[in-house]
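# Per-entry structural report
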Amino acid sequence: MLIGWAAGGIVFGRIADRLGRTRTLLLTMGMYSVGTAACALAPNIWSLALFRLVASLGIGGEWVCGAAMVSETVPEKRRVDAGALLYTAAPTGLFLATFIVYQIQGVYFRGAPEIAWRYVFLSGLIPAFVAVVVRLMIKEPARWTHAIERARPGTIRELFSPAYRALTFSGASMAMINLLVWWSVNAFIPVVAVGLANRVSAGASAINATVLAEQWKALATNAFDAGALIGVLLTIPAAKILGRRNMFIVYFLGGGLSILAAFGLPLSPQMRLYMYFPIGVTVWGITASFAFYLPELFPTRLRGTGAGFCFNLGRFVAAVGPFVVGGIAARGANALDSAMQALFYCGWIPLIGLLLMPWVIETKGRALPD
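Residues numbered from 1 in each chain as written. Predicted model: local features only at pLDDT ≥ 70, side-chain atom pairs only at ≥ 80, totals over all residues. Heavy atoms only, no water.

### Some remarks on the overall build of the protein chain
Stated precisely, the cut-off is as follows: Here a strand is any run of E in DSSP of at least two residues, a helix any run of H or I of at least four, and the numbering for each starts at the N terminus. Atoms considered for the radius of gyration are the C-alpha atoms alone. The globule rule reads 2.2 Å times the number of residues to the power 0.38. Note on exposure labels: buried denotes an accessible area under 20% of the residue type's maximum, exposed denotes more than 50%, and partly exposed covers the range between, all computed with a 1.4 Å probe on protein chains only. Throughout, a residue-residue contact means that at least one pair of heavy atoms, one from each residue, lies within 4.5 Å. Computed by Shrake-Rupley with a 1.4 Å probe, the accessible areas treat only the displayed protein chains as cover when residues are assessed. Charge convention: Lys and Arg are scored as positive, Asp and Glu as negative, and His as well as the terminal groups of each chain are ignored. Every charge is mapped to an atom, namely NZ of Lys, CZ of Arg, CG of Asp or CD of Glu.
Looking only at helices and strands, one finds 19 helices and zero strands in the protein chain. Over its C-alpha atoms the protein chain spans a radius of gyration of 21 Å, differing by no more than 12% from the 21 Å that the globule rule assigns to 370 residues. Oriented by its inertia axes, the alpha-carbon framework of the protein chain measures out at about 70 × 45 × 30 Å. A burial count over the protein chain gives 51% of its 370 residues as buried. For the protein chain, the proportion of contacts with a sequence separation of at least 24, taken over those separated by at least 6, is 83%. Here the protein chain displays about 16,600 Å² of accessible surface, and carbon together with sulfur accounts for 70% of that area. Averaging the coordinates of the 29 positive side-chain charges in the protein chain and doing the same for the 15 negative ones gives two points 3 Å apart.

Below is the structure:
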């Protein structure tokens, strides 16, 4: 999924510059809806991986189209607000996804985990209906239409030309650090929540232990999502008042310290799960800034290509994460301690990322380049 997500963001970013924001948005929404629902019918792991790849290609491309479209449509003084509000859909959507997963796996099919996951994936058809509304109601941004009439769309090679090299490094380095930390924290939520629940419920019945594990997975995920929603909204005043560079400093510092505290201090099991809230505020909250920061770096004819490349480059690096998580989860009783140790070390990544701040391009007060 990570590889497909990264490839989709880069490929469809360039397609959006050539084909248009709305057309590409419709295409990507259809891909991830059908790809997700098809997972429900997967007969084996290889077909499941293939369907996940199709879905992830669409997910990666959809973000690029949405960010470019919003930045090119709203008034200049509302670009930060609109970009951040756009990203509130991510934690909101995961609130709904967590609710669906819990209801299906923890309530309706509690005793049948071998089929419950299929119904979870089948709910992925819902966005397909939204795609129809997008096709009927949303038009191409006038800024893109005018730009494509005057000049040819940009290329990935152009991102490394002298004119754009510093911009590409600024956007890609900030996004890579954030994505590495976000995926690490997010991927280990089930391992940490289940591990803590198993320790607390040692000696209890298997059913009670399973129920507690599902409840604590929901607790950790909801704390993470709730923090993200607040963190996303806080990027608006942070970006406007502090500027983009100082905003990254505050969020990276807060994210690193939150992770170190959550997995390095001697906390109670439930308090450790509640610590996903400040992690969500910082580690996930700052992700919203890329919806307005990356489009600010590149001109219209290169905006989809540049934003897609910068935001998704880190996913190729993060693709090793699932293998690490799987290896740790397979350790059984030792999985929790190994996961917490790995997460503790992840807390140093955003703090080390502070060293790159002198090379971050400040875009506060600049008009969106044509």
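From this point, the discussion proceeds with the structure in view.
### A closer look at the pattern of salt bridges
Which entries qualify depends on this criterion: By definition here, a salt bridge exists when the distance from a side-chain nitrogen of Lys or Arg to a carboxyl oxygen of Asp or Glu is within 4 Å.
Using the criterion set out here, one finds 13 salt bridges in the structure. As a salt-bridge pair, E140 and R23 come within 3.8 Å of each other at their nearest N and O atoms. Note that E140 is positioned in the loop between α7 (126-137) and α8 (142-150) and R23 in helix α2 (residues 21-38), a separation of 117 residues in sequence. Accessibility expressed as a relative area gives 48% for R23, which makes it partly exposed.

### Here we look at the confidence of the model for the protein chain
As a general rule, the predicted coordinates of low-pLDDT regions are not to be interpreted in detail. Put simply, the rule reads: pLDDT is a residue-level measure of predictor confidence that goes from 0 to 100.
On average, residues of the protein chain carry a pLDDT of 87, and 95% of them reach 70 or more. No element of the protein chain has a lower mean pLDDT than helix α17 (residues 321-329), at 67, and none a higher one than helix α12 (residues 244-264), at 96.

### Points about the nonpolar core
This is how the line gets drawn: Joining through side-chain atoms within 4.5 Å is the link that ties buried Ala, Val, Leu, Ile, Met, Phe, Trp, Tyr and Cys residues into a set, and such a set is a nonpolar core.
One finds W63, V192, F248, F263, Y276 and L294 to be the most contacted residues of the largest nonpolar core, which totals 77 residues. Sort the elements by how many residues they give to this core and helix α11 (residues 206-242) lands first, with 11 residues. Look past the residues within four positions of F263 in its chain and what remains in contact with it is V192, R272, Y276, I279, M340, L343 and F344. Of all hydrophobic cores here, the second largest spans nine residues; its members include L25, C65, M69 and A131.

### Things to note about helix α18 (residues 335-346)
Because each turn of an α-helix spans 3.6 residues, side chains separated by three or four positions in sequence point in the same direction. Filter applied, for reference: Between the first and last residue of a helix there are one fewer steps than residues, each counted as 1.5 Å, and that sum is the expected span.
Taking 1.5 Å per residue as the helical rise, α18 with its 12 residues ought to reach 16 Å, and the 16 Å between its terminal C-alpha atoms agrees with that figure. If you check which residues of α18 are buried, you get A335, L336, S338, A339, M340, L343 and C346.

### A look at a nonpolar patch on the surface
Test applied: Every patch collects residues that have over 30% relative accessible area and no salt bridge, joining them within 9 Å if they carry like charges and within 5 Å if they are nonpolar side chains (Val, Leu, Ile, Met, Phe, Trp, Tyr).
A grouping of V132, V133, L136, M137 and I138 is seen on the molecular surface, where their side chains present a nonpolar patch of about 520 Å² in accessible area. Counting through the fold element by element, L136 comes out in helix α7.

### Some words on helix α6 (residues 113-122)
Let me state the cut-off plainly: Arc definition: directions from the helix axis to the C-beta atoms.
Three or more residues of α6 are buried, namely A116, V120 and F121. Down the axis of α6, the sector holding all buried residues measures 135 degrees, keeping them to one side. As for α6, its buried residues are in contact with α2, α3 (45-73) and α5 (89-108).

### Brief notes about the environment of G171
As for its position among the elements, G171 is in helix α9 (residues 165-187). Judged by its relative accessible area of 0%, G171 falls in the buried class. Residues G171 and I361 lie 190 residues apart in sequence; the distance between their C-alpha atoms is 8.1 Å. Those residues in contact with G171 that lie beyond four places of it in its chain are F290, Y293, L294, L297 and C310.

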